[in-house]
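Residue strings, one per chain:
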Amino acid sequence: MKSFRHSFCDPFKPEIIELGDVETQEIVKRFEQLPWDEIIAKMAGVDDSEIHFSPSLEFEDKITKHGLSISGIGDKRLEEFYLFYKRPKKVKKLFGLIEKDDPEFITDVTGQSKEDVIEALDALINGKYEFLDNKIK
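Our subject in this report is the structure included herewith.

**Description of the side chain of H66**
Examined against the element boundaries, H66 turns out to sit in the loop between β3 (56–61) and β4 (67–73). Within the local environment of H66, its side chain forms a polar contact with the side chain of Y85, the two groups lying 2.8 Å apart. In this view, H66 contacts F59, E60, D61, Y85, K86, R87, P88, L124 and Y129; residues no more than four positions away in its chain are not counted.

**Observations regarding helix α2 (residues 36–44)**
Looking only at α2, the buried set comprises W36, I39, I40 and M43. Taken down its axis, α2 places every buried residue within 95° of arc, on the same side. Seen from the buried face of α2, the exposed residues on the opposite side, beyond 90 degrees, are E38 and K42. Buried residues belonging to α2 abut β1 (4–9), α1 (27–33), β3, β4 and β5 (80–93).

**With respect to a nonpolar patch on the surface**
Taken together, the side chains of L94, F95, L97 and I98 define a hydrophobic patch exposed on the protein surface, amounting to about 540 Å² of accessible area. Here I98 is to be found in strand β6 (residues 98–112). For I98, a relative accessible area of 40% puts it in the partly exposed group.

**Notes on the sheet that holds β5**
In space, the 6 strands of this open sheet follow the order β2-β1-β3-β4-β5-β6, with antiparallel pairing throughout. The open sheet has two edge strands, β2 (17–22) and β6, and neither has a second partner. Taken pair by pair, the neighbouring strands of this sheet meet at an average axis angle of 20°, ignoring direction. Sheet topology places β3 next to β4; 5 bridges connect them, and they run antiparallel. Counted as the bridge partner of E58 is S69 from β4. Along the sheet face, α2 touches β1, β3, β4 and β5 and points at about 55° away from the line of β4. Lying over the sheet, helix α3 (residues 114–125) contacts β1, β3, β4, β5 and β6, oriented at roughly 165° with respect to β4.

Rules of the game
Residues numbered from 1 in each chain as written. Predicted model: local features only at pLDDT ≥ 70, side-chain atom pairs only at ≥ 80, totals over all residues. Heavy atoms only, no water. Helix = DSSP H or I, 4+ residues; strand = E, 2+ residues; numbered from the N terminus. Polar contact = N/O pair within 3.5 Å; in protein donor to acceptor, adjacent residues only side chain to side chain. Contact = heavy atoms within 4.5 Å. Buried < 20%, exposed > 50% of the residue type's maximum accessible area, 1.4 Å probe, protein only. Arc of directions from axis to C-beta. Patch = residues over 30% accessible without salt bridge, like charges linked within 9 Å, V, L, I, M, F, W, Y side chains within 5 Å. Areas by Shrake-Rupley, 256 points an atom, 1.4 Å probe, with all protein chains shown as cover. Salt bridge = Lys/Arg side-chain N within 4 Å of Asp/Glu carboxyl O. Pairing = 2+ DSSP bridges. Axes fitted to C-alpha atoms, helices over the stretch in contact; angles between N-to-C directions.

Spelled out as structure tokens, the structure:
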């Protein structure tokens, strides 16, 4: 059985907020219920020095360590999402001469819609890691 944890980066707080475990059927709901537009609009009204992060929601499979971080981006309202895909991966160093395990290998993609994010979350929930590898390079 899959077991996920989640956290939130509140733009106005310097520390990441751990939200604890989340059921798989709640993951997409948590993403959809976050008031992205409201948070970004509030960010537009304060000095940059008061902002610590873009609003970001992270979900991670506690067993496989595959995770997605979703950041909402915009000037005065939500315009797009950035997706960051974290997973353990063997990476090649020194022109491919050395292979090393990277337990937190991260790739990202910008310009994502709400539908793109939901598709990626569904892939994470269902262990479709090849899809995520191809989508988020």
